[in-house]
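# Residue-level structure breakdown
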Amino acid sequence: MLRFLTAGESHGPALTAIVEGLPAGLPVAVDYVNQQLARRQGGYGRGGRMQIERDRVRFLAGVRGGLTMGSPVALQIENRDWANWQEIMSAGEDARLDQRLVTRPRPGHADLPGALKYGHRDMRNVLERSSARETAARVAVGALAGRLLAELGVEVLGHVVRIGAAAVPDDIPSPLDGLTLPDAGGPDGKPREIVAGENGPGDTGGKPAPPGGEALVCGAVEYRSAQSGDVSPVAPLDQPDTAAINHWREIIAASPVFCVHPAAGEAMMREIDRAREAGDSLGGVFEIRVYGLPPGLGSCVQWDRRLDGRLAGALMSIQAIKGVEVGLGFTAAARPGSQVHDEIFHTPGRGFYRRTNNAGGLEGGMANGEPLVVRAAMKPIPTLYKPLRSVDLITKEPFAASVERSDVCAVPAACVVGEAVVAWELAAACAEKFGGDTLAEMRDNLRRYWAEVRSRTL
Ligand SMILES: Cc1cc2nc3c(=O)[nH]c(=O)nc-3n(C[C@H](O)[C@H](O)[C@H](O)COP(=O)(O)O)c2cc1C
Ligand SMILES: C=C(O[C@@H]1CC(C(=O)O)=C[C@@H](OP(=O)(O)O)[C@H]1O)C(=O)O
């Protein structure tokens, strides 16, 4: 079983996480974790705090020589802003509790319900922990999960599809559709040739047509385990096209709003500029795609084992996320079934496949072999430079709120958090299904399962 907890105040000395259940022998790749932390700090629309922080992970336990040992992993991320808050935030009795008091609750933040719940007269005691600063710890933990998934042949990719009124057009195919290599090995273990049109004109075997050609020859994808030196693919069926996924990762990273569509990205930045000038804030929508999940991950037999429920819960647990869609999501509710459900096809060489993915890769709470597609909607940031009406906690006097600093829009940062929490849930589901004490054991279990699935599908 995988589990983790985080601790840490926004302006305290550090954020901490303890992660348990990772198999021994997993390369933790500190640089990779730090890269994810840096991505979360980025994105157009962030406020002054991100100029202060330089998030870096420090492993305190469970890792030796770059590999997990099977013992709990403890990690820490320093808050550089702590230097400015030491006297106020001190754990000692000498803390200056009379300074920087917060008694004016911000509409949309945790201030008022937190004060009513915990009986605080200074709502700093609420906001310090309700702050999305906590998501830095979750991104570090999610990065470990992402490394585990990569070892299992699974890739997670996030991008922003809406900020305020500016959105990626939904009437054009996404360049992120597909991005899998059909069948890493044929029945004889050799790369298999897929010829477009084998099921009629325009059929690409459920894949986007390759640029400039009709035939697509695919080789095996290698996932190297640092511990065992095992380089054979874990899965004989559709594998993530890591080169193409990395290509899109670079394009997304180069966009200030993490958007694959340049014109929409420009429009999103203009939206953020307008909101900033107006003293307002903005939300939006991000999408997470996952390639290479084994069909059958999750379960239909018990409510809390359904993968859709687990993923939705994880995404909804991110601060300010107010809605989650799987596949077509809310759009499906307005269409007849004939325009929603993904018809099933079969060829002896390819096995079962779909030509559409409206289900977003999930049916019956289980992965169905198509790429996973989930979206999360973030509300606008609650702290506004333009005052909103509220009432003082102590005096009960009405007032117009004012702020010192805040993000105007944090949808790109939330997208990185979304990747992390999705990676975590999927890694946890993989650990349940293919669990082992070592990475090699887990890969072997997965490889056996994929062989079974292959024999059932062909
Ligand atoms: C990455 C990220 C950054 C955020 N930055 C801010 C911020 O600067 N100011 C703010 O008021 N809220 C910010 N939020 C949103 C609040 O944390 C969130 O609205 C608050 O915790 C209340 O939770 P709820 O919106 O889920 O009800 C941010 C959220 C995320 C995910
Ligand atoms: C610190 C982070 O985000 C913070 C999230 C946040 C909130 O209310 O959620 C409020 C702001 O905190 P501060 O008032 O210290 O500037 C953000 O900067 C971070 O993402 O690392």
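Per an unreviewed UniProt entry, the chain goes by the name Chorismate synthase and belongs to Desulfotomaculum copahuensis.

## Concerning the overall build of the chain
The helix and strand tally for the chain stands at eleven helices and 21 strands. Among the 458 residues that make up the chain, the fraction classed as buried is 42%. Across the chain, the fraction of contacts at a sequence separation of at least 24, relative to all contacts at a separation of at least 6, is 73%.

## Some points on the sheet that holds strand 1 (residues 3-7)
With antiparallel pairing, the four strands of this open sheet are ordered in space as 1-2-6-3. Taken across any chain shown, the strands that pair with only one partner, and hence form the sheet edges, are strand 1 and strand 3 (57-61). Strand-to-strand, the axes of this sheet are offset by a mean angle of 20°, without reference to chain direction. For strand 3 and strand 6 (residues 73-78), the ladder comprises four bridges, and the chain directions are antiparallel. In the strand pairing of strand 6, Phe59 is matched with Leu75. Sheet strands touched by helix 6 (residues 135-151): strand 1, strand 2 (14-20), strand 3 and strand 6. Its angle to strand 2, the strand with the most contacts, is close to 30°.

## Focus: helix 9 (residues 307-316)
Taken together, the buried positions of helix 9 are Leu307, Asp308, Leu311, Ala314 and Leu315. Here the buried residues of helix 9 occupy an arc of 130° about the axis, which is enough to place them on one side. Buried residues along helix 9 sit against strand 14 (321-326), strand 17 (362-363), strand 18 (366-367), strand 19 (372-378) and helix 10 (411-434).

Conventions and cut-offs
Residues numbered from 1 in each chain as written. Chains lettered and ligands numbered in written order. Predicted model: local features only at pLDDT ≥ 70, side-chain atom pairs only at ≥ 80, totals over all residues. Helix = DSSP H or I, 4+ residues; strand = E, 2+ residues; numbered from the N terminus. Buried ≥ 20, exposed ≤ 12 C-beta atoms within 10 Å, placed from the backbone. Contact = placed C-beta atoms within 7 Å. Pairing = 2+ DSSP bridges. Axes fitted to C-alpha atoms, helices over the stretch in contact; angles between N-to-C directions. Arc of directions from axis to C-beta.

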